[in-house]
Amino acid sequence: MLKAKLLGATAAAPEGAWDLSYAYYDDPKAWDFTTATLGDALLISGQETLPTGVFFKPDGTRLYIVGTNSDAVHEYNVGNPWRMDNNVGFVRSFSVAAQETLPQSVFFKSDGTKMYILGDTGNDVNEYSLGTAWNISTASYVQVFSVAGQDATPTGLYFKPDGTKMYVVGSSSDSVNEYNLSTAWNISTASYVQTFSVAAQEILPAGVFFKTDGTKMYISGDTNNNFYEYSLSTAWDVSTAAYVQFISAANTLPRNLFFRENGSNFYNIDAQGDRVYQYSLGGKTVTPQVTQASGMFFKPDGTKMYITDDDSDDVNEFSLSTAWDTSTATFVQAKVIGDTAPRNLFFKPDGTVMLVVGATSDAVYIYSLSTAWDISTASLTATRSISAQEINPTGIFVTPDGTTMYICGTTGDDVNQYSMSPAWTGTLTFVRLKGVESEPSGVFFRPDGKRMYIVRYNGFDDQVLEYQLSTAWDISSTGSYSQLFYVGNQTGNPQGLSFSDDGTKMFVLSGTPNAVFTYSLGVQP
């Protein structure tokens, strides 16, 4: 989302920094199959018992399924965009039986005014025009293009985003066949270019999809029920494809697949269980060191990351070879702390004091580090109880001068503000509280104290919420809700929140899976 200017930030801040309306998923591990985690699954047997193809409207609010039992395309409304939960509702069906009785794949033009059906009966691609974009009831048949010369059992269809290339995968040739369209989106102008065999990995390929820039290709297959990833040295040129890796599908008969434009999720149609499976992609996995991630902190220069583990009762230290790039994080060491349910942590800017909030004793543990940022040198110096205000603390933040501390928790669904004297190690005095949305799991402030951010986990409402403070660091009557950013497509259990020092990156810690997800805040490239 573009804005004329950034409200409430300093003039030196990059456009969009600290503003959730500019946030977008920009994880270095997006599009990487090794990070795949299974999420929700949508049952569609009420409309189709032999589903073969899947497609989404670009904003994730509409889902389309094609299958060989009904020989029809089925349209669904997706209440929570991109999420295969109980807020998905069937809308209508459109029969393609007059053209194809074994439809295998469905694809739409990027503006929703054209629909394409790949079929095994005619071994061809059928083109339809939609009078109302994305409304399949307005579809009318236009023309057909045969792919029989390349494959007698076509199974998967994909178009380059500008409509000038078409790709068909099939199980007769075990190959991806590439076509050029001299007139974009007009299949009558298609001409065969070349082929790429996937037989070394899959002899029953069922679906094909490409990364939005054409540098990666993905194949689903029935032989071993796998998904395969390929890298293309020349974008959109299948002759330059090289096999990279595979992952196993959650189901036993995976057909076509579809990726979200930012690579954060992919979806697979299951022809046996009649479901659409959702997978999450991205995030820096912090297992096996962390088995129940509960809190997160970054060193101010972005070269170290610390994560509390609610299972192992410890703090885990990671080193980042590239600042703020979590994909470069490597485990260094762990430090057991004095609470059996450590929920979050915070460091003094010079790295000589570490504060850990624990839910067993409802207290803040203060550690002194003889070597800055080295948790092996941490020794407990004080314990400060917060039980009078919160008996299930989840997050902690301290002002840069160490005189004010904030604790969020789920007992009151609020943020509690304390004064600390002397700074960083002294006695806590409760000042005020601010009610926030339910189930807060982490709290963070902009460096000037004029914005507060809360991450929450609450079923389908996994969000980061932004509050504007007219008086810096005062969370009472000056704290007003501003906007939110949904993170539920990456994690169903967000536990921690942090930002880069300039506010252009946001990090969300997930407890399911145990991973750190990265988002950018700014004008999208």
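Structure first, text after, so check above.
What you see is a predicted model, and the numbers here were worked out from it, not measured in a lab. (Residues numbered from 1 in each chain as written. Predicted model: local features only at pLDDT ≥ 70, side-chain atom pairs only at ≥ 80, totals over all residues. Heavy atoms only, no water.)

Digging into the side chain of Asp313
Assignment of secondary structure puts Asp313 in the loop between β24 (304–309) and β25 (314–320). Notably, Asp313 is buried but unbridged: the nearest opposite-charge side chain belongs to Arg343, and the N-O separation is 8.7 Å. Discounting chain neighbours no more than four positions away, the residues touching Asp313 are Lys335, Val336, Ile337, Asp339, Thr340, Ala341 and Pro342. (Helix = DSSP H or I, 4+ residues; strand = E, 2+ residues; numbered from the N terminus. Buried < 20%, exposed > 50% of the residue type's maximum accessible area, 1.4 Å probe, protein only. Lys, Arg positive; Asp, Glu negative; His and termini not counted. Salt bridge = Lys/Arg side-chain N within 4 Å of Asp/Glu carboxyl O. Contact = heavy atoms within 4.5 Å.)

Brief notes about the pattern of salt bridges
Tallied over the full model, the rule gives 20 salt bridges. Note that Arg255 and Asp222 form a salt bridge whose closest N and O atoms lie 2.3 Å from each other. Within this pair, whereas Arg255 is found in strand β19 (residues 254–259), its partner Asp222 is found in the loop between β16 (216–221) and β17 (226–232), the two being separated by 33 residues in sequence. For Arg255, a relative accessible area of 11% puts it in the buried group. Of the charged contacts, one joins Arg451 and Glu466 as a salt bridge, the two residues approaching to 2.8 Å between their closest N and O atoms. With Arg451 in strand β36 (residues 451–456) and Glu466 in strand β37 (residues 463–469), this pair connects stretches of sequence that are 15 residues apart. With respect to burial, Arg451 and Glu466 carry one shared label: buried.

Some remarks on the packing of aromatic side chains
Under the definition given, this model contains 71 aromatic pairs. Here Phe227 and Phe266 contribute two aromatic rings whose centre-to-centre distance is 5.1 Å and whose plane-to-plane angle is 80°, an arrangement assigned as edge-to-face. In this pair, Phe227 sits in strand β17 while Phe266 sits in strand β20 (residues 265–270), placing the two residues 39 residues apart along the sequence. Relative accessible area serves as the criterion here: at 0%, Phe266 is assigned to the buried category. Ring geometry for Tyr228 and Tyr243: centres 6.4 Å apart, planes at 55°, overall tilted. Placement of Tyr228 in strand β17 and of Tyr243 in strand β18 (residues 241–248) is noted, with a sequence separation of 15 residues between them. The class for Tyr228 is buried, based on a relative accessible area of 3%. Taking relative accessible area as the criterion, Tyr243 reaches 35% and is therefore assigned partly exposed. (Phe/Tyr/Trp six-rings, centres within 6.5 Å; stacked < 30°, edge-to-face > 60°.)

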